[in-house]
Amino acid sequence: MTPLHRFGDLLRNSLLAVPLPLVRTVILTLLAGLCLWVLLLPQEAVARRDASGQRTANLRPWALLALAIQVVIYALF
Amino acid sequence: MRMNGSLSSIDLLVVLIYLIATIALGLYLGRGMKSGQDYFLAGRSLSWWAIGLSLVATDIGGTDIVGVAGAAYTHGLAVANFEWIGCVPAMIVAAFVFIPFFWRLGIYTIPEYMERRYHVSVRIVLALCWLVFMACNLGVMLYASAKMMIVSLGIDWTGYAWAGVSLAGHEVLGCAIVFAVLVGIYTFSGGLAAVVYTDVVQCVVMIAGCLLVLVMALVQVGGVAPLVEQIEQHDQQLADAGLSGNRTDLIQPVDTASPFPWTGILFGLALILSPAYWISNQAIIQRSLGARSAFDASAAYVAGALLKNLIPVIIALPGLAAVAVLPELSDGDTAFPLLAMRLLPLGARGMFVAAFLAALMSSVDSYLNAAATVFTNDFYERLRSTDSGTFEALHVGRITTLALVLWAIGFAWWLSKVESAGIYAIFQTLVSFFQGPAFAILLLGVFWRRATAAGALVGFLCGVFCAVGLFTLNQPSVLQWLGWQPLFKIEEPFLYYSIWAFLMTVTVAACVSLVTKAPPSEQVEPLLFRSSPARD
């Protein structure tokens, strides 16, 4: 038993004690955090404007949709 | 050609039409190339939708289509983590932070950014790692896919005797050579534009072929609800026999028998390998650098992320459906091809073979073009101080592409001589040795003003050394010699190598940076990410 093995076992046993529902919550929280980040991004980072300054396309709803599908998948499975 | 003795003339016609259309499109796009920028970045003219489809097609290789379904058959839905949490979050972050940032810098390769931010030594070391990996991986992808086509899909070349082709004993190599020549023709001619627009066709063919198998499988089983019911019954039988079950769970415990424990998936895949892949892998990022605007580059990643949500449904779900249709398979990798052969009618089987070829070709062409770009841009032009905007760069790029095709065929030939299953695993693990460390120094370079060239170089080398060390210490022969127990208790712990290699790189790079002289701010400032981007 080397120090590397002892450290590995300690880490492994600690992580084994984490219940899977908590892991699911962590993953969902990360995804929800990303959704919030996308919501808070400035307009110039997510939208295209034409020469007159009119917004012609917006990526925010699509990015949110991609992440929302992930939230649903990880909530269900 | 016969597939399990039952590939009809219509099937062959479907495959032939796909191949002719792909090559014709590639050759058409190769007309009028004038410079290296046309060849390596498609003249910065690519649309978001083409890049988005190309990203997805490149990510799914021929071996992945069969392998992911095989892993789903053996280990369950957890393999879909690689396409879901292992892609979508990283692609969204990349879309709004890294991709538009790199596009605005006007770079051709990630190693080029490393020189601007750090030093030429960092560029050369990183470019060398990528070049060696991509060149060898070309041979591995060709050989592994050809072998899969011959063995798993049951291709029998004796049917070609009428064409005067005699490949007795060399079927796999022959198949690999055919693949290399087909991909080489249009990549040589059209560069990145040919790669991306043929990827669009290949992505559509790949999705259509796999979807067809999935629909037929669900019809056979009676729908989604009966499929879930049958899988749960099968899992219960496994659990009763003392084996692990729960094939419908994405989140697997730390002590799972599969290679996908949640710790590796969350810390290794979602937080390190996935962002590293989507943000710093040259074969992936190159097409976004060829976008017509920073917005198109971002939009491509968002579109790719949306499409990625669908991919496990079409490639992992057939593996799960095979649990119900073909419950007694000894090798999971045969699940998808057998399912296709059993369920698809004559004529539709050609669509599945075309889907397999599309997946293979879309990955090989991207690695071929990216390797040629790294060689031309980071070695040839850097050492000769020439410019990518010249005709000479185009000429060198094409010669390099040709040389890489020949190299890939030679490497595939060598693999056919060595014939060791471990070699494929080693090359797949190889990327995890340096992808984590490379991503770590990229992150530090983009976000931390104080990161220095010495810190980046020493950190990167220590990270790679850490990953290689852990890999070596996990080899059975080394463990036996040392009299040790394995350090990791799961099969193929490459996700864990990347975690430790990343942490080692960040720690060493930060420490060395803090004790070395800070770079001048006028040099570093334009190369740091700012949250408020400039307009295109």
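In this text, all values refer to a predicted model and were calculated from it rather than measured experimentally.

What counts and what doesn't
- Residues numbered from 1 in each chain as written.
- Chains lettered and ligands numbered in written order.
- Predicted model: local features only at pLDDT ≥ 70, side-chain atom pairs only at ≥ 80, totals over all residues.
- Helix = DSSP H or I, 4+ residues; strand = E, 2+ residues; numbered from the N terminus.
- Rg over C-alpha atoms; globule rule 2.2 N^0.38 Å.
- Buried ≥ 20, exposed ≤ 12 C-beta atoms within 10 Å, placed from the backbone.
- Contact = placed C-beta atoms within 7 Å.
- Pairing = 2+ DSSP bridges.
- Axes fitted to C-alpha atoms, helices over the stretch in contact; angles between N-to-C directions.
- Parallel < 35°, antiparallel > 145°, perpendicular 65-115°, else oblique.
- Left-handed = near helix turned anticlockwise from the far one by under 90°.
- Nonpolar A, V, L, I, M, F, W, Y, C, P; charged D, E, K, R; others polar.
- pLDDT = per-residue confidence, 0-100.
- Expected span 1.5 Å × (residues − 1).
- Bend = angle between axes of the 7 residues up to and from the residue.

Describe the overall build of chain B, with residues and values.
When helices and strands are counted, chain B shows 22 helices and two strands. For 536 residues, the compact-globule estimate of 2.2 N^0.38 gives 24 Å, and chain B sits close to it at 23 Å. Considered along the principal axes of its C-alpha atoms, chain B spans approximately 65 × 55 × 45 Å. Within chain B, buried positions represent 58% of all 536 residues. Partitioning the contacts of chain B with sequence separation of at least 6, the portion at a separation of at least 24 is 85%.

Give a detailed account of the pairing of strand β2 (residues 55-58) of chain A, specifying residues and quantitative values.
Strand direction decides the pairing type here: strand β1 (residues 47-49) of chain A and β2 of chain A, joined by three bridges, are antiparallel. Bridged to Arg 49 of chain A within β2 of chain A is Arg 55 of chain A.

I'd like a rundown of the packing of helix α1 (residues 9-29) of chain B against helix α16 (residues 349-384) of chain B, residues and numbers included.
Residues and elements named next belong to chain B. Taken N-terminus to C-terminus, the directions of α1 and α16 make an angle of 30°; their axes are 7 Å apart at the nearest point. Taken together, the axes of α1 and α16 are roughly parallel relative to one another. Note on packing geometry: the crossing formed by α1 with α16 is right-handed. Counted together, Ile 10, Asp 11, Leu 12, Leu 13, Val 14, Val 15, Tyr 18 and Thr 22 of α1 and Arg 349, Gly 350, Met 351, Val 353, Ala 354, Leu 357 and Met 361 of α16 form the full contact between these two elements. By residue class, the composition of the contact of α1 with α16 is 11 nonpolar, two polar and two charged.

How would you explain the confidence of the model for chain B if you had to name every residue and give the values?
Residues and elements named next belong to chain B. This prediction gives chain B a mean pLDDT of 84; 91% of its residues lie at or above 70. Considering only residues more than four positions removed or in separate chains, one finds that residues 1-5, a stretch of pLDDT under 50, has 17 contacts. The low-confidence segment residues 160-168, where pLDDT is below 50, has five contacts with residues more than four positions distant or belonging to other chains. Under the prediction, the complex receives an ipTM of 0.93, its pTM being 0.88.

Outline helix α8 (residues 171-221) of chain B, listing residues and values.
All names here are of chain B. The end-to-end C-alpha separation of α8 is 35 Å, well short of the 75 Å expected for 51 residues at 1.5 Å each. Gly 190 marks where α8 bends most, by close to 125°. The buried fraction of α8 amounts to 36 of the 51 residues, a majority that puts the element mostly inside the structure. Phi for Gly 222, located one or two positions after α8, is positive at around 110°.

Tell me about the interface of chain A and chain B, and please be specific about residues and values.
Listed as interface residues are 31 residues of chain A and, on the opposing side, 31 residues of chain B. Elements that contribute at least two residues to the side of chain A that touches chain B include exactly α1 (3-16), α2 (20-40), α3 (43-46) and α4 (60-76) of chain A. Broken down by element, the residue count for the side of chain A that touches chain B peaks at nine residues, all from α4 of chain A. In terms of residue class, the side of chain A that touches chain B is built from 23 nonpolar, four polar and four charged.

Report on the environment of Tyr 118 of chain B, specifying residues and quantitative values.
All names here are of chain B. Considering the arrangement of structural elements, one finds Tyr 118 in the loop between α6 (110-117) and α7 (120-151). Linking Tyr 118 and Ser 366, residues 248 residues apart in sequence, is a C-alpha distance of 27 Å. Aside from chain neighbours lying at most four places away, what touches Tyr 118 is Gly 445, Ala 453 and Ala 456.

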